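Overview (structure and organization)
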Amino acid sequence: MKKFLLSCLAVLTVASASAQYYPDGRPIPPSRRSGYYGRPAGRIMHSAYPRYHNTYYGFRVGLGVATVHSDAPALDATDAKTGLNVGFVVGTQIAPTAPLFFESGLYYTEKGGKSNYQGSRFTYGLNYLEVPLLLKYKYYASPGVSIEPFAGGYLALGVSGKIKDYGDRQAYSSFDNDASSSFRRFDGGLKVGCGVSFQMLYLGVSYDIGLANVGHYDFEDTRTGCLNLDFGVNF
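Now for a description of the structure that goes with this document. (Residues numbered from 1 in each chain as written. Predicted model: local features only at pLDDT ≥ 70, side-chain atom pairs only at ≥ 80, totals over all residues. Heavy atoms only, no water.)

Brief notes about the pairing of strand β3 (residues 100-117)
- Looking at chain direction, strand β2 (residues 81-93) and β3 are connected through nine bridges and run antiparallel. Residue pairing across strands places Gly 87 opposite Tyr 107, the latter belonging to β3.
- With antiparallel pairing between neighbouring strands as the criterion, β2 and β3 make up a hairpin whose turn holds six residues.
- By the bridge criterion, 16 bridges tie β3 to strand β4 (residues 120-137) in an arrangement that is antiparallel. (Pairing = 2+ DSSP bridges. Helix = DSSP H or I, 4+ residues; strand = E, 2+ residues; numbered from the N terminus.)

Here it is, written out as C-alpha coordinates:
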(Lines give C-alpha, C1' and ligand atoms only; values in the text may rest on other atoms or scores of the structure.)
Protein backbone atom coordinates (compact mmCIF):
# COMPACT_ATOMS: atom_id res chain seq x y z
CA MET A 1 0.00 0.00 0.00
CA LYS A 2 2.93 2.36 0.75
CA LYS A 3 4.35 1.89 -2.77
CA PHE A 4 0.91 2.63 -4.24
CA LEU A 5 0.54 5.84 -2.21
CA LEU A 6 4.07 6.99 -3.18
CA SER A 7 3.26 6.40 -6.85
CA CYS A 8 0.05 8.43 -6.56
CA LEU A 9 1.87 11.28 -4.82
CA ALA A 10 4.44 11.29 -7.64
CA VAL A 11 1.61 11.67 -10.17
CA LEU A 12 0.21 14.60 -8.19
CA THR A 13 3.65 16.26 -8.09
CA VAL A 14 4.07 15.97 -11.85
CA ALA A 15 0.54 17.26 -12.40
CA SER A 16 1.25 20.39 -10.37
CA ALA A 17 3.77 21.49 -13.01
CA SER A 18 0.89 22.42 -15.32
CA ALA A 19 -1.46 23.64 -12.58
CA GLN A 20 -1.09 27.28 -13.65
CA TYR A 21 -3.59 26.55 -16.42
CA TYR A 22 -6.23 25.24 -13.99
CA PRO A 23 -7.44 28.31 -12.02
CA ASP A 24 -10.73 26.68 -10.93
CA GLY A 25 -9.85 23.01 -11.34
CA ARG A 26 -10.56 23.00 -15.09
CA PRO A 27 -8.10 23.64 -17.96
CA ILE A 28 -7.94 26.89 -19.93
CA PRO A 29 -7.59 26.28 -23.70
CA PRO A 30 -4.14 27.38 -24.96
CA SER A 31 -5.69 30.04 -27.21
CA ARG A 32 -7.24 31.79 -24.16
CA ARG A 33 -4.41 31.57 -21.64
CA SER A 34 -2.67 34.84 -22.51
CA GLY A 35 -5.91 36.78 -22.44
CA TYR A 36 -6.96 35.27 -19.14
CA TYR A 37 -3.80 36.20 -17.29
CA GLY A 38 -3.50 39.59 -18.98
CA ARG A 39 -6.74 40.98 -17.52
CA PRO A 40 -6.93 43.29 -14.52
CA ALA A 41 -7.18 41.62 -11.12
CA GLY A 42 -10.85 42.44 -10.59
CA ARG A 43 -11.86 40.98 -13.93
CA ILE A 44 -9.71 37.87 -13.37
CA MET A 45 -11.62 36.97 -10.22
CA HIS A 46 -14.95 37.41 -11.94
CA SER A 47 -14.00 35.39 -15.01
CA ALA A 48 -12.45 32.65 -12.89
CA TYR A 49 -15.75 31.67 -11.30
CA PRO A 50 -17.34 28.70 -13.06
CA ARG A 51 -20.47 29.22 -15.06
CA TYR A 52 -23.63 27.18 -14.95
CA HIS A 53 -23.33 23.58 -16.19
CA ASN A 54 -19.61 23.42 -15.39
CA THR A 55 -18.54 19.80 -14.94
CA TYR A 56 -15.30 18.47 -13.48
CA TYR A 57 -13.73 15.03 -13.08
CA GLY A 58 -11.27 13.98 -10.43
CA PHE A 59 -9.04 11.23 -9.08
CA ARG A 60 -8.75 10.72 -5.31
CA VAL A 61 -6.44 8.67 -3.09
CA GLY A 62 -6.00 8.79 0.66
CA LEU A 63 -6.26 7.17 4.06
CA GLY A 64 -9.18 6.33 6.32
CA VAL A 65 -9.25 5.83 10.09
CA ALA A 66 -12.23 3.53 10.66
CA THR A 67 -14.18 2.21 13.64
CA VAL A 68 -17.07 -0.18 14.30
CA HIS A 69 -19.47 0.53 17.16
CA SER A 70 -21.85 -2.25 18.17
CA ASP A 71 -24.22 -3.19 20.95
CA ALA A 72 -23.08 -6.78 20.32
CA PRO A 73 -19.82 -7.41 22.24
CA ALA A 74 -18.53 -9.79 19.54
CA LEU A 75 -18.58 -6.99 16.93
CA ASP A 76 -17.73 -3.90 18.97
CA ALA A 77 -14.31 -2.52 17.97
CA THR A 78 -12.50 -0.64 20.71
CA ASP A 79 -9.64 0.55 18.47
CA ALA A 80 -9.48 2.17 15.03
CA LYS A 81 -8.13 0.57 11.88
CA THR A 82 -6.43 2.45 9.04
CA GLY A 83 -7.07 1.67 5.40
CA LEU A 84 -6.80 2.87 1.82
CA ASN A 85 -9.29 5.01 -0.10
CA VAL A 86 -9.05 5.35 -3.88
CA GLY A 87 -11.61 6.45 -6.42
CA PHE A 88 -12.91 8.75 -9.13
CA VAL A 89 -15.42 11.58 -8.82
CA VAL A 90 -17.54 13.70 -11.14
CA GLY A 91 -19.26 16.95 -10.21
CA THR A 92 -21.57 19.31 -12.04
CA GLN A 93 -22.95 22.73 -11.19
CA ILE A 94 -26.66 22.63 -10.40
CA ALA A 95 -27.46 26.28 -9.58
CA PRO A 96 -27.39 28.95 -12.30
CA THR A 97 -26.54 31.81 -9.92
CA ALA A 98 -24.41 30.08 -7.26
CA PRO A 99 -21.35 27.77 -7.24
CA LEU A 100 -23.37 24.82 -5.91
CA PHE A 101 -22.36 21.40 -7.24
CA PHE A 102 -23.60 17.84 -7.07
CA GLU A 103 -20.73 15.34 -6.77
CA SER A 104 -20.74 11.56 -7.03
CA GLY A 105 -18.33 8.84 -8.10
CA LEU A 106 -17.02 5.43 -7.11
CA TYR A 107 -14.52 4.57 -4.37
CA TYR A 108 -12.80 1.48 -3.08
CA THR A 109 -12.52 2.05 0.66
CA GLU A 110 -11.13 -0.06 3.50
CA LYS A 111 -12.93 0.17 6.84
CA GLY A 112 -13.21 -1.96 9.98
CA GLY A 113 -11.76 -1.95 13.47
CA LYS A 114 -9.83 -3.78 16.19
CA SER A 115 -11.04 -5.23 19.48
CA ASN A 116 -10.40 -7.57 22.39
CA TYR A 117 -13.23 -10.02 23.06
CA GLN A 118 -13.18 -12.81 25.64
CA GLY A 119 -9.44 -12.49 25.99
CA SER A 120 -8.71 -12.70 22.25
CA ARG A 121 -7.57 -9.98 19.88
CA PHE A 122 -9.69 -9.45 16.76
CA THR A 123 -9.41 -7.30 13.63
CA TYR A 124 -12.37 -6.61 11.34
CA GLY A 125 -11.55 -5.85 7.72
CA LEU A 126 -14.48 -4.35 5.81
CA ASN A 127 -13.72 -3.41 2.20
CA TYR A 128 -16.42 -1.62 0.22
CA LEU A 129 -17.30 -0.19 -3.14
CA GLU A 130 -18.79 3.15 -2.14
CA VAL A 131 -20.85 5.75 -4.02
CA PRO A 132 -20.92 9.27 -2.47
CA LEU A 133 -23.92 11.55 -3.10
CA LEU A 134 -22.86 15.06 -2.12
CA LEU A 135 -23.86 18.71 -2.37
CA LYS A 136 -20.76 20.90 -2.50
CA TYR A 137 -20.48 24.67 -2.30
CA LYS A 138 -17.34 26.28 -3.75
CA TYR A 139 -16.23 29.52 -2.15
CA TYR A 140 -13.60 31.14 -4.36
CA ALA A 141 -11.02 32.81 -2.10
CA SER A 142 -8.98 33.75 -5.21
CA PRO A 143 -8.94 32.76 -8.90
CA GLY A 144 -6.88 29.64 -8.17
CA VAL A 145 -8.13 28.66 -4.70
CA SER A 146 -11.54 27.46 -3.62
CA ILE A 147 -12.83 26.28 -0.24
CA GLU A 148 -15.44 23.55 -0.67
CA PRO A 149 -17.65 22.47 2.26
CA PHE A 150 -19.95 19.56 1.43
CA ALA A 151 -22.58 17.29 2.94
CA GLY A 152 -24.66 14.38 1.78
CA GLY A 153 -24.70 10.63 2.01
CA TYR A 154 -23.10 7.46 0.74
CA LEU A 155 -24.13 3.93 -0.27
CA ALA A 156 -21.67 1.04 0.05
CA LEU A 157 -21.48 -2.64 -0.81
CA GLY A 158 -19.06 -4.95 0.98
CA VAL A 159 -16.85 -6.81 -1.51
CA SER A 160 -14.11 -8.39 0.62
CA GLY A 161 -12.57 -8.52 4.08
CA LYS A 162 -11.46 -10.87 6.82
CA ILE A 163 -12.24 -11.21 10.50
CA LYS A 164 -9.03 -12.40 12.18
CA ASP A 165 -9.16 -14.14 15.55
CA TYR A 166 -5.61 -14.03 16.91
CA GLY A 167 -6.52 -16.14 19.95
CA ASP A 168 -7.68 -19.19 17.95
CA ARG A 169 -5.44 -18.33 14.96
CA GLN A 170 -8.42 -18.32 12.59
CA ALA A 171 -9.63 -16.03 9.82
CA TYR A 172 -12.97 -16.03 8.02
CA SER A 173 -14.98 -13.79 5.71
CA SER A 174 -16.30 -10.57 7.20
CA PHE A 175 -19.47 -10.99 5.12
CA ASP A 176 -20.30 -14.63 5.88
CA ASN A 177 -24.10 -14.87 5.87
CA ASP A 178 -23.98 -18.12 7.86
CA ALA A 179 -22.09 -16.60 10.82
CA SER A 180 -23.95 -14.35 13.24
CA SER A 181 -20.66 -12.77 14.33
CA SER A 182 -20.06 -11.33 10.85
CA PHE A 183 -21.33 -8.31 8.92
CA ARG A 184 -24.00 -7.54 6.35
CA ARG A 185 -22.74 -6.35 3.00
CA PHE A 186 -24.87 -3.22 2.65
CA ASP A 187 -23.87 0.00 4.42
CA GLY A 188 -25.05 3.57 4.07
CA GLY A 189 -25.04 6.81 5.97
CA LEU A 190 -24.08 10.46 6.03
CA LYS A 191 -20.89 12.11 4.81
CA VAL A 192 -19.77 15.61 5.84
CA GLY A 193 -16.51 17.40 5.22
CA CYS A 194 -14.59 20.16 3.51
CA GLY A 195 -12.09 20.32 0.68
CA VAL A 196 -9.65 22.86 -0.70
CA SER A 197 -8.70 23.12 -4.36
CA PHE A 198 -5.48 24.85 -5.40
CA GLN A 199 -5.75 25.19 -9.15
CA MET A 200 -6.03 21.52 -10.26
CA LEU A 201 -4.87 19.98 -6.96
CA TYR A 202 -7.32 18.90 -4.24
CA LEU A 203 -7.11 18.15 -0.51
CA GLY A 204 -10.16 17.06 1.48
CA VAL A 205 -11.18 15.75 4.88
CA SER A 206 -14.51 14.05 5.61
CA TYR A 207 -16.28 11.79 8.07
CA ASP A 208 -18.62 8.91 7.27
CA ILE A 209 -21.43 8.38 9.79
CA GLY A 210 -22.88 4.91 9.28
CA LEU A 211 -26.66 4.70 9.71
CA ALA A 212 -27.31 1.15 8.47
CA ASN A 213 -27.18 -1.77 10.88
CA VAL A 214 -24.33 -3.82 9.41
CA GLY A 215 -24.63 -6.64 11.99
CA HIS A 216 -26.85 -9.70 11.85
CA TYR A 217 -28.34 -9.02 15.28
CA ASP A 218 -31.71 -7.33 14.75
CA PHE A 219 -31.94 -6.00 18.31
CA GLU A 220 -28.32 -4.85 18.62
CA ASP A 221 -27.15 -2.10 16.29
CA THR A 222 -23.75 -2.24 14.60
CA ARG A 223 -22.60 0.84 12.75
CA THR A 224 -19.44 1.98 10.99
CA GLY A 225 -17.60 5.29 11.10
CA CYS A 226 -14.58 6.57 9.22
CA LEU A 227 -12.43 9.71 9.13
CA ASN A 228 -11.02 10.22 5.62
CA LEU A 229 -8.13 12.30 4.31
CA ASP A 230 -8.00 12.50 0.50
CA PHE A 231 -5.59 13.96 -2.03
CA GLY A 232 -6.31 14.30 -5.72
CA VAL A 233 -6.45 16.18 -9.00
CA ASN A 234 -9.37 17.67 -10.92
CA PHE A 235 -9.64 17.81 -14.71
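That was the structure; now back to the text.
Let's talk about unusual backbone geometry
- Unlike most non-glycine residues, Gln 118 shows phi in positive territory, near 55°.
- By the secondary structure assignment, Gln 118 is in the loop between β3 and β4.
- Even without being glycine, Arg 169 reaches a positive phi, approximately 55°.
- Here Arg 169 lies in the loop between β7 (162-165) and β8 (170-173).

Topic: the side chain of Asn 85
- By the secondary structure assignment, Asn 85 is in strand β2.
- Under the relative-accessibility criterion, Asn 85 is labelled buried at 2%.
- Within the structure, Asn 85 has its side chain in polar contact with the side chain of Asn 228 (distance 3.0 Å).
- Dropping the residues within four chain positions of it, Asn 85 is found in contact with Arg 60, Val 61, Gly 62, Leu 63, Gly 64, Tyr 108, Thr 109, Glu 110, Asn 228 and Asp 230. (Buried < 20%, exposed > 50% of the residue type's maximum accessible area, 1.4 Å probe, protein only. Polar contact = N/O pair within 3.5 Å; in protein donor to acceptor, adjacent residues only side chain to side chain. Contact = heavy atoms within 4.5 Å.)

Digging into the environment of Val 145
- Residue position: Val 145 is located in strand β6 (residues 145-160).
- The exposure class of Val 145 is partly exposed, given its relative accessible area of 22%.
- When the C-alpha atoms of Val 145 and Ser 197 are compared, they prove to be 5.6 Å apart, with 52 residues separating the residues in sequence.

Quick word on the environment of Phe 175
- Looking at the element boundaries, Phe 175 is found in the loop between β8 and β9 (186-198).
- By relative accessible area, which is 4% here, Phe 175 ends up buried.
- Expressed as a C-alpha distance, the spacing of Phe 175 and Val 159, which sit 16 residues apart in the sequence, is 8.3 Å.
- Apart from residues no more than four positions distant in its own chain, Phe 175 is found in contact with Leu 126, Asn 127, Tyr 128, Gly 158, Val 159, Ser 160, Phe 183, Arg 184 and Arg 185.

Some details on the pattern of salt bridges
- On inspection of all chains with the given rule, the structure shows nine salt bridges.
- Glu 103 serves as the salt-bridge partner of Lys 136, at 3.0 Å between the closest nitrogen and oxygen. On the criterion of sequence distance, the pair formed by Lys 136 in strand β4 and Glu 103 in strand β3 is long-range, its members being 33 residues apart. One exposure class covers both Lys 136 and Glu 103, and it is buried.
- The partner of Lys 191 in a salt bridge is Glu 130, with the nearest N and O atoms 3.4 Å apart. (Salt bridge = Lys/Arg side-chain N within 4 Å of Asp/Glu carboxyl O.)

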